Amino acid sequence: MYDNNDISIIGYSGHSLVVLDAANEAGIIVSSYCEKDEKSFNPFNLKYLGDESKEHFDWGAVGSFILSVGDNQIRKKLFRLVISQGKQFITVAHPNARISAKAEIGIGNFFAVNSIINAFARIGNNCILNTACVVEHECRVFDHVHIGPGAILAGNVTVGECSFIGANAVVKQGVEIGENTVVGAGSVVLQNIPNNEVWVGNPARKIK
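Residues numbered from 1 in each chain as written. Predicted model: local features only at pLDDT ≥ 70, side-chain atom pairs only at ≥ 80, totals over all residues. Heavy atoms only, no water.

**Some details on the overall build of the chain**
A tally of helices and strands in the chain yields two helices and 24 strands. Dimensions along the principal axes, computed over C-alpha positions, put the chain at roughly 50 × 35 × 30 Å. Per-residue burial for the chain yields a buried fraction of 46% across its 208 residues. Across the chain, the mean location of the 17 positive side-chain charges is 6 Å away from that of the 20 negative side-chain charges. (Helix = DSSP H or I, 4+ residues; strand = E, 2+ residues; numbered from the N terminus. Buried < 20%, exposed > 50% of the residue type's maximum accessible area, 1.4 Å probe, protein only. Lys, Arg positive; Asp, Glu negative; His and termini not counted. Charge placed at Lys NZ, Arg CZ, Asp CG, Glu CD.)

**Some details on the environment of Phe-89**
Inspection of the secondary structure puts Phe-89 in strand E5 (residues 88–89). On a C-alpha basis, the gap between Phe-89 and Asp-143 in space is 14 Å, while along the polypeptide they are 54 residues apart. When residues no more than four places from it in sequence are discounted, the contact partners of Phe-89 are Phe-65, Leu-67, Phe-79, Val-82, Ile-83, Ile-107 and Gly-108. (Contact = heavy atoms within 4.5 Å.)

**Examining helix H2 (residues 72–84)**
A rise of 1.5 Å per residue sets the reference length of H2, with its 13 residues, at 18 Å; its end C-alpha atoms lie 18 Å apart and thus fit the reference within 8%. What H2 keeps buried is the set Asn-72, Arg-75, Lys-76, Leu-78, Phe-79 and Val-82. If you check the start of H2, you find a side-chain oxygen 3.0 Å away from the backbone N of Gln-73, and it comes from Asp-71. Looking one or two residues beyond H2, the residue adopting positive phi is Gly-86, at roughly 75 degrees. (Expected span 1.5 Å × (residues − 1). Polar contact = N/O pair within 3.5 Å; in protein donor to acceptor, adjacent residues only side chain to side chain.)

**Focus: the nonpolar core**
If you look at the biggest cluster of nonpolar residues, it comprises 28 residues, and the most contacted ones within it are Leu-129, Val-135, Leu-153 and Ile-165. Listed in part, the 17 residues of the second largest apolar core include Leu-20, Ile-28, Ala-112 and Ile-128. (Core = buried A, V, L, I, M, F, W, Y, C linked by side-chain atoms within 4.5 Å.)

**Details of the side chain of Ser-64**
Summarising the element assignment, Ser-64 is placed in strand E4 (residues 64–67). Classification of Ser-64 by relative accessible area gives buried; the value is 11%. If sequence neighbours within four positions are ignored, Ser-64 has contacts with Asp-6, Ile-7, Ser-8, Gln-88 and Ile-90.

**Comments concerning helix H1 (residues 15–25)**
Since one α-helical turn is 3.6 residues long, residues separated by three or four positions face the same way. Turning to H1, its buried residues are His-15, Ser-16, Val-19, Leu-20, Ala-22 and Ala-23. The buried residues of H1 occupy one face: seen down the axis, they fall within an arc of 165 degrees. Residues of H1 that are buried in the fold lie against strand E1 (7–10), E4, strand E6 (92–93), strand E9 (110–111) and strand E12 (128–129). Gly-27 lies just past H1 and shows a positive phi near 80 degrees. (Arc of directions from axis to C-beta.)

That is the geometry; function is a separate question.
So, in structure tokens, the structure goes:
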């Protein structure tokens, strides 16, 4: 069990509401949040600590962090910032997430309700595995990836760093997806995708 007195979440809008709800369900009580400005909407009654990117931010006030920013590149930058301060990350997994004991899991990840991570899958650091997504056996998901709600990675799929797989997309077994790549919602990916491209459709095709 975590020490609930010094856990802070970075980001307090949109995606963070899902993360905080899952954290509460898992018995992880977050006490504060970090944002550029204090929020008027504070549904979890968290203490505002300030902007973590500012030089005067009091890092000593926090023991562990949860990252709740949907944008992969911003989340990657924040992950590196927190690590540079010698701080720890907490992985949040909703109690109804199903993570195989044979899977390899990094740090600072989020596993939403009904997400499934099957045997010998490898999940890097700082990833979002969103609601009801499926990561099948022996998949490799690199750091700072976001797998959208309902997306399915069949067996032995690779997803490169900072890539995004949209909601309800399906990726055929054995396909390799490069870094900084976007797969649009509902797409069906049947072939490898290089770095830095956007693919959509059924079957998925490059659009830029």
